Amino acid sequence: MTETILLIRKYEDRISSITSNKRRNKVMRAISSEVQTYTNKLRNYMFFQSLTVIMVYMVGLVIVLNYIYPSYVYFPYSTIVTPPINGKPEINNLFVYILSFLLFTPLSLRRPKLL
């Protein structure tokens, strides 16, 4: 992924260094197919990365819902998401799983700093 980004950046630098409009258009037409190929490759990589993360979380959700029995954790305050059970507000595994999804999905889909 980093190599593809560097190649795209190299082509962009090459085009931006040309001062003549005619020459820039000629070079752009010549390398546009290569730039498009690398851009599509990068988009496909990011799509499959996102799809893989979502699929892993969906499999985890099925496991949490079907095979892990809720073990409740006491929460200090009663809210809508922490209903009181036996007089004490509790959080179950599903709630913790959804919070981890919201927290770790952006972290796992980070892009290199080159973008």
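In short, a report on the structure. Note on numbering: residues in each chain are counted from 1, in written sequence order. Given that the model is predicted, a residue must reach a pLDDT of at least 70 before its local features are reported, and side-chain atom pairs must reach 80 or more before they are shown or counted; all residues, however, enter totals for whole chains, interfaces and linings. Based on all heavy atoms of the structure, the side-chain values leave hydrogens and waters out of the count.

Topic: the overall build of the chain
Segments assigned H or I by DSSP are reported as helices when at least four residues long, segments assigned E as strands when at least two residues long, and all are numbered from the N terminus. If you tally the helices and strands in the chain, you get 3 helices and 3 strands. Traced from its N-terminal end to its C-terminal end, the chain shows the element sequence α-α-β-β-β-α. Partly exposed residues are those whose accessible area sits between 20% and 50% of the maximum for their type, while under 20% is buried and over 50% is exposed, using a 1.4 Å probe and protein chains only. Evaluated residue by residue, the chain yields a buried proportion of 19% over its 115 residues. Note on areas: Shrake-Rupley with a 1.4 Å probe; residue coverage comes only from the protein chains shown. Roughly 9000 Å² of accessible area belongs to the chain as shown, and the carbon and sulfur atoms make up 64% of that amount.

Thoughts on the environment of I18
Mapped onto the elements of the fold, I18 is located in the loop between helix 1 (2-16) and helix 2 (21-66). Contacts between residues were defined by any pair of non-hydrogen atoms, one from each residue, lying within 4.5 Å. Residue contacts for I18: discarding those within four places in its chain leaves R23, R24 and V27.

Regarding a nonpolar patch on the surface
Together, L65, L94, I98, L99 and L102 make up an exposed nonpolar region whose accessible area comes to about 440 Å². When residues of the nonpolar patch are assigned to their parent elements, the largest contribution, 4 residues, is made by helix 3 (residues 93-108). Within the secondary structure, L102 sits in helix 3. On the basis of relative accessibility, which here comes to 56%, the residue L102 falls in the exposed class. Residues with no salt bridge and a relative accessible area higher than 30% make up the patches, which join like charges within 9 Å and nonpolar side chains (Val, Leu, Ile, Met, Phe, Trp, Tyr) within 5 Å. What counts as a salt bridge is simple: a side-chain nitrogen of Lys or Arg found within 4 Å of a carboxyl oxygen of Asp or Glu.

Observations regarding a positive patch on the surface
Think of it this way: Lys and Arg go in the positive column, Asp and Glu in the negative one, and His and the chain ends go nowhere. The atoms used to mark charge sites are NZ of Lys, CZ of Arg, CG of Asp and CD of Glu. Where like charges cluster on the molecular surface, the positive patch consists of K10, R14, R23, K26 and R29. At the level of elements, helix 1 and helix 2 are the ones that each hand at least two residues to the positive patch. For R23, the location among the structural elements is in helix 2.

Let's talk about the nonpolar core
By nonpolar core is meant a set of buried Ala, Val, Leu, Ile, Met, Phe, Trp, Tyr and Cys residues that side-chain atoms within 4.5 Å join together. By size, the foremost hydrophobic cluster in this structure holds 5 residues: Y11, I15, I18, V27 and I31. Only helix 1 and helix 2 provide two or more residues apiece to this core.

A few points about the environment of L94
Mapped onto the secondary structure, L94 falls in helix 3. L94 sits in the partly exposed class, given a relative accessible area of 32%. Look past the residues within four positions of L94 in its chain and what remains in contact with it is L61, V64 and L65.

A short note on helix 1
Compared with an ideal rise of 1.5 Å per residue, which puts 15 residues at 21 Å, helix 1 spans 21 Å between its outermost C-alpha atoms and is within 8% of the ideal. For helix 1, every residue scored as buried is listed here: T4, I5, I8, Y11 and I15. The buried residues of helix 1 occupy an angular sector of 125 degrees when the element is viewed end-on, so they sit on one face. Elements that come into contact with the buried residues of helix 1 comprise helix 2. Multiply 1.5 Å by the residue count of a helix minus one, and that product is the helix's expected span. The arc refers to the directions leading from the helix axis to the C-beta atoms.

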